[in-house]
Amino acid sequence: MLSYDVCECGAPLQRIERETPSPRGSEVVLRVIAAGVCHSDLHIWDGYYDIGGGQKLKLQDRGVKLPLTMGHENVGEVVAVGPDARGVSAGDIRLIHPWMGCGECVVCRRGEENLCVKPCSVGVHRSGGFATHLLVPHPRYLFDIGSLAPERAAPLACSGVTAYGALKKASDTIADEPVVMIGAGGVGLMALALHRKLGGKSAIMVDIDPAKREAALKAGATLAIDGAANDALDQIRAATGGGSWATIDFVGAGPTVKLGVDAAIKGGKVIVVGLYGGDVVVPTPFLPMRALTLQGSYVGSLNEIAELLDLVNRKGAPDVPVATRPLDQVNAALNDLRAGKVIGRLVMAP
Ligand SMILES: [Zn+2]
Ligand SMILES: [Zn+2]
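Overview of the structure. Small disclaimer: the values here were computed from a predicted structure and weren't measured. (Residues numbered from 1 in each chain as written. Chains lettered and ligands numbered in written order. Predicted model: local features only at pLDDT ≥ 70, side-chain atom pairs only at ≥ 80, totals over all residues. Heavy atoms only, no water.)

Let's talk about the overall build of the protein chain
Across its full length, the protein chain holds 11 helices and 18 strands. Relative to the globule expectation of 20 Å for 350 residues, the C-alpha radius of gyration of the protein chain, 20 Å, shows essentially globular dimensions. Along the first, second and third principal axes, the C-alpha set of the protein chain runs to 60 × 45 × 40 Å. Per-residue burial for the protein chain yields a buried fraction of 53% across its 350 residues. Counting only contacts in the protein chain whose residues sit at least 6 apart along the sequence, the fraction spanning at least 24 positions is 69%. Accessible surface, the protein chain: about 15,000 Å² in total, of which carbon and sulfur atoms supply 52%. Side-chain charges of the protein chain comprise 35 positive and 36 negative groups, with the mean position of each set lying 3 Å from the other. (Helix = DSSP H or I, 4+ residues; strand = E, 2+ residues; numbered from the N terminus. Rg over C-alpha atoms; globule rule 2.2 N^0.38 Å. Buried < 20%, exposed > 50% of the residue type's maximum accessible area, 1.4 Å probe, protein only. Contact = heavy atoms within 4.5 Å. Areas by Shrake-Rupley, 256 points an atom, 1.4 Å probe, with all protein chains shown as cover. Lys, Arg positive; Asp, Glu negative; His and termini not counted. Charge placed at Lys NZ, Arg CZ, Asp CG, Glu CD.)

Some thoughts on the coordination of the zinc ion (ligand 2)
Within the first shell, the zinc ion (ligand 2) binds the protein through Cys-102 (SG), Cys-105 (SG), Cys-108 (SG) and Cys-116 (SG), at distances of 2.3 to 2.4 Å. The coordination sphere of the zinc ion (ligand 2) comprises 4 donor atoms, whose angles at the metal cover 105 to 115 degrees; the geometry is tetrahedral. Within one chain, the residues serving as donors to the zinc ion (ligand 2) are arranged as C-x2-C-x2-C-x7-C. Residue Cys-108 is classed as buried on the basis of its relative accessible area of 5%. By relative accessible area, which is 6% here, Cys-116 ends up buried. (Donors = N, O, S within 2.8 Å, 3.2 Å for Na, K, Ca; no water. Tetrahedral: all angles 85-135°; square planar, octahedral: opposite > 155°, others 65-115°.)

With respect to the coordination of the zinc ion (ligand 1)
Geometry reference: four tetrahedral donors at a metal, ideal angle 109.5 degrees. Six octahedral donors, ideal angles 90 or 180 degrees. Around the zinc ion (ligand 1), the protein contributes the donor atoms Cys-38 (SG), His-72 (NE2) and Cys-158 (SG), which lie 2.0 to 2.2 Å from the metal centre. Each donor residue of the zinc ion (ligand 1) lies on the same chain, and together they follow the pattern C-x33-H-x85-C. Linking His-72 in the loop between strand E6 (68-69) and strand E7 (73-81) with Cys-158 in the loop between helix H3 (150-153) and helix H4 (159-169), this pair joins segments that are 86 residues apart in sequence. In this pair, the class of His-72 matches that of Cys-158, namely buried.

Describing the packing of aromatic side chains
This model, assessed by the stated rule, comprises 1 aromatic pair. Both rings, one in Trp-99 and one in Tyr-298, keep their centres 6.0 Å apart while their planes meet at 65 degrees; by these two values the pair is edge-to-face. Taken together, the residues Trp-99 in the loop between strand E8 (93-96) and helix H2 (106-109) and Tyr-298 in the loop between strand E16 (293-296) and helix H10 (302-315) connect sequence positions 199 residues apart. On the basis of relative accessibility, which here comes to 4%, the residue Trp-99 falls in the buried class. Across the ring face of Tyr-48, the terminal group of Lys-56 is positioned such that the distance to the ring centre comes to 4.2 Å. Directly above the ring of Phe-286 sits Arg-290, whose terminal nitrogen or CZ lies 4.7 Å from the centroid. (Phe/Tyr/Trp six-rings, centres within 6.5 Å; stacked < 30°, edge-to-face > 60°. Lys NZ or Arg CZ within 6 Å of the ring centre and 35° of its normal.)

Some remarks on a nonpolar patch on the surface
On the surface, Leu-115, Leu-275 and Tyr-298 cluster together to form a nonpolar patch covering roughly 280 Å² of accessible area. Within the secondary structure, Leu-275 is located in the loop between strand E15 (264-272) and helix H9 (286-289). The class for Leu-275 is partly exposed, based on a relative accessible area of 39%. (Patch = residues over 30% accessible without salt bridge, like charges linked within 9 Å, V, L, I, M, F, W, Y side chains within 5 Å. Salt bridge = Lys/Arg side-chain N within 4 Å of Asp/Glu carboxyl O.)

Comments concerning the environment of Gly-340
With respect to the element layout, Gly-340 can be found in the loop between helix H11 (330-338) and strand E18 (345-349). Residue classification places Gly-340 among the partly exposed positions, given a relative accessible area of 35%. The spatial distance from the C-alpha of Gly-340 to the C-alpha of Gly-185 is 8.9 Å, given a sequence separation of 155 residues.

Quick word on the pairing of strand E14 (residues 244-249)
Among the 6 residues of E14, 5 are classified as buried, and the element is accordingly described as predominantly covered. Here 4 bridges tie strand E11 (residues 179-182) to E14, and the two strands are oriented parallel to one another. Paired with Val-180 across the strands is Thr-247, a residue of E14. As paired elements, E14 and E15 share 5 bridges and run parallel to each other. The partner of Thr-247 across the bridge, within E15, is Val-270. A crossover links E14 with its parallel partner E15, the connecting element being helix H8 (residues 254-263), and its sense is right-handed. (Pairing = 2+ DSSP bridges. Right-handed = clockwise from strand over helix to strand, strands pointing away.)

See the structure below:
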């Protein structure tokens, strides 16, 4: 098999050849058909998250080891099945839930492996899909994609379930009130598409990039606000009738979280998804006086992947622009993403 691996933080991925793994026990080996390129790959590649004040959260201190094959949005064809793997057979096309935990703790047993304190995620802690083959420890991580095209299904594993998990946290208000979204990147556009399928009333997108605002309007946003405008906050308040009930921040920079907090109405929620980095000061009396909820949302659970695939198979694939590229262009794809040149999603096709 062939993979493109991070051997040194931030340096170009290197092409590595090794023996294709044979599945043991409950393991399953898949041939990768589609592997999405995600913004968090840039952080994993760099080896850190910016946590504000010049501080860095190093991934190598959190169990990430090099060399690493990144790629956590994968669809593959099952090519080999271990003797204890039930429910899948060679030839099956499956989406791989990448957010694996230890599989044994209480959190994992209730299906929220994405929140396990011993994460073992595909493309982060274990080998991912920027490769020709991928080994999965158990068939419970494999999901039938129904009639979806593999390159459309792959982004559901991260961008899709992340958007879905965040929207679910706003589900008490989205049918009656506009939802404010910050950041019209791949996940933001995915959220716009899913918001409509979930019966959302309307969505207001905030982004500092005019091309991304235009993409958001095309994707169904009722209004697109320039987050860098001096009166961005006033524009959000006017568009929401006095303040936002739910703001989902897909950027997660200090100023974007602050904008979300400032724009919240009494009883409103700010759901932070993006990992751009930075910090924010929230006056503590705001929390009780404005009954403010400041909540994080991290990818999604096994149940949420299943619900999302059900939704998409009933109501159609999210209409997010998807471009495919051959696997040997993965370095160029990552660089384009970093340079902000990607509208929608890039998917590597080995
Ligand atoms: Zn991702
Ligand atoms: Zn666990």
